[in-house]
Amino acid sequence: MQKSVFESLNAINVNDKVEKKKDLTYLSWAWAWAEVKKAYPSATYTVLRDPLTEKPYFYDENLGYMVMTSVTIDDQTLEMWLPVMDGANQAMKKDSYEYSTRYGVKTVDAATMFDINKTLMRCLVKNLAMFGLGLYIYAGEDLPKDNEHNTVVKPATKKEATPATELPWLKYGDDNWTGVET
């Protein structure tokens with residue numbers, strides 16, 4: 001029996017293609033698209049445009065910028081959207097603005113076409129994840145599911161938590177600690 005598009009793409013391990021920035025994992029759009037095109041040469045994608053402006057983004061003065069893509073693989077089309085955000089995951093707008101946090105006042109710079117382009121390509125990768133490619137990254141997993149057993153393959157070095165108050169694998173200041181600091 002032939003695998004579905006989702007089963008085929010979801011089985012691909014893209015870990016050697018990901019990049020880490022802060023605590024987040026990113027899959028390069030170029031690698032993601034290359035993997036899809038190797039498996040499905042007829043795959044296509046489209047950047048959706050605002051029908052009023054024909055620009056490759058949607059804009060709301062209060063909410064900021066949003067981009068959208070559409071991917072078609074084997075006659076199945078899925079759309080995806082992603083807001084244009086700064087490094088602190090704050091919505092970027094036409095003009096810079098400030099907001100308050102418990103650490104003081106922060107500034108969000110005005111969005112540029114570079115920010116919009118970068119978000120478009122991240123949106124494409126998110127769109128491809130809806131077809132299965134790298135979906136496990138969005139689920140916070142290290143590896144794709146083992147399709148035969150339908151379980152997540154975990155690294156052998158990962159330790160399981162012990163009783164609620166005892167977490168021997170969590171030490172202040174180490175790599176595991178940074179994920180719980182925020």
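Reading guide: rules and limits
The residue count restarts for each chain, going from 1 along the sequence in the order it is written. The predicted nature of this model means local features are confined to residues of pLDDT at least 70 and side-chain atom pairs, given and counted, to a pLDDT of 80 or more, with totals for whole chains, interfaces and linings taken over all residues. Side-chain figures throughout are based on the complete set of non-hydrogen atoms in the structure, without hydrogens or water. Counting from the N terminus, the helices are the DSSP runs of H or I reaching at least four residues and the strands are the DSSP runs of E reaching at least two. The contact definition used throughout considers only heavy atoms, calling two residues in contact when any of these lie within 4.5 Å. Computed by Shrake-Rupley with a 1.4 Å probe, the accessible areas treat only the displayed protein chains as cover when residues are assessed. Expected helix span is taken as 1.5 Å per residue step, with the number of steps being one fewer than the number of residues. Three labels apply to residues, based on accessible area from a 1.4 Å probe with only protein chains included: buried if under 20% of the type maximum, exposed if over 50%, partly exposed otherwise in between. Each pair of aromatic rings taken from Phe, Tyr and Trp, with Trp reduced to its six-membered ring, is defined by centres within 6.5 Å and is described as stacked if the planes are under 30 degrees apart, edge-to-face if over 60, and tilted in the remaining cases. By definition, being over a ring means that NZ of Lys or CZ of Arg is both within 6 Å of the ring centre and within 35 degrees of the ring normal. At least two DSSP bridges between two strands are needed for those strands to be called paired. Polar contact is the term for a pair of N or O atoms within 3.5 Å; when the atoms are in protein, one must be able to donate a hydrogen and the other to accept it, and sequence-neighboring residues count only if both atoms are side-chain atoms. For every residue, the pLDDT score states the predictor's confidence, bounded by 0 at the bottom and 100 at the top.

**Quick word on the overall build of the protein**
When its secondary structure is counted, the protein shows five helices and ten strands. Expressed as a percentage of contacts within the protein between residues at least 6 apart in sequence, the contacts between residues at least 24 apart total 51%. Carbon and sulfur atoms make up 53% of the accessible area of the protein, which totals about 12300 Å².

**Comments concerning helix 3 (residues 113-130)**
With 18 residues, helix 3 extends 26 Å between its outermost C-alpha atoms, agreeing within 8% with the 26 Å of an ideal straight helix rising 1.5 Å per residue. Turning to helix 3, its buried residues number three or more, namely D115, I116, T119, L120, M121, C123, L124, V125, N127, L128 and A129. Buried residues belonging to helix 3 abut strand 2 (24-27), helix 2 (29-39), strand 3 (44-47), strand 5 (64-73), strand 6 (76-83) and helix 4 (135-138). Residue G132 follows helix 3 closely and has a positive phi angle near 115 degrees.

**Brief notes about the packing of aromatic side chains**
What the rule picks out here adds up to three aromatic pairs. Ring centres 5.2 Å apart and planes at 75 degrees place the aromatic pair Y57 and Y65 in the edge-to-face group. Its relative accessible area of 14% is what places Y57 among the buried residues. On the basis of an interplanar angle of 45 degrees and a centroid distance of 4.4 Å, the ring pair of Y59 and Y65 is categorised as tilted. Put simply, the rings of Y57, Y59 and Y65 touch in pairs and so form one group of aromatic residues. Across from the ring centre of Y26, 5.7 Å away, lies the NZ or CZ of K21, which sits over that ring. Across the ring face of Y97, the terminal group of K93 is positioned such that the distance to the ring centre comes to 4.7 Å.

**So, the pairing of strand 1 (residues 18-21)**
Bridge count for strand 1 against strand 2 is four bridges, and the pairing is antiparallel. Bridge assignment links V18 to a residue of strand 2, and that residue is L27. In sequence, strand 1 turns back onto strand 2 through a hairpin of two residues, with K22 there showing a positive phi of about 55 degrees.

**A few points about the side chain of D86**
Mapped onto the secondary structure, D86 falls in the loop between strand 6 and strand 7 (97-101). Assessed through its relative accessible area of 18%, D86 is described here as buried. For D86, the side chain forms a polar contact with the main-chain nitrogen of A88, separated by 3.0 Å. A polar contact is formed between the side chain of D86 and the backbone nitrogen of Q90, at a distance of 2.8 Å.

**What about the side chain of T119?**
Mapped onto the fold, T119 is located in helix 3. In terms of polar contacts, T119 uses its side chain to reach the backbone carbonyl oxygen of D115, at 2.8 Å. With sequence-adjacent residues up to four places away left out, T119 is seen in contact with V67, L82, P83, V84 and M85.

**Section: the confidence of the model for the protein**
Overall, the prediction assigns the protein a mean pLDDT of 84, with 77% of residues at 70 or greater. Contacts of residues 148-170 to residues separated by more than four positions or lying in other chains number 22 contacts, the stretch itself having pLDDT below 50.

**A short note on the environment of T112**
Topologically, T112 is positioned in the loop between strand 8 (104-108) and helix 3. The sequence separation of T112 and V84 amounts to 28 residues, and the corresponding C-alpha distance is 9.8 Å.

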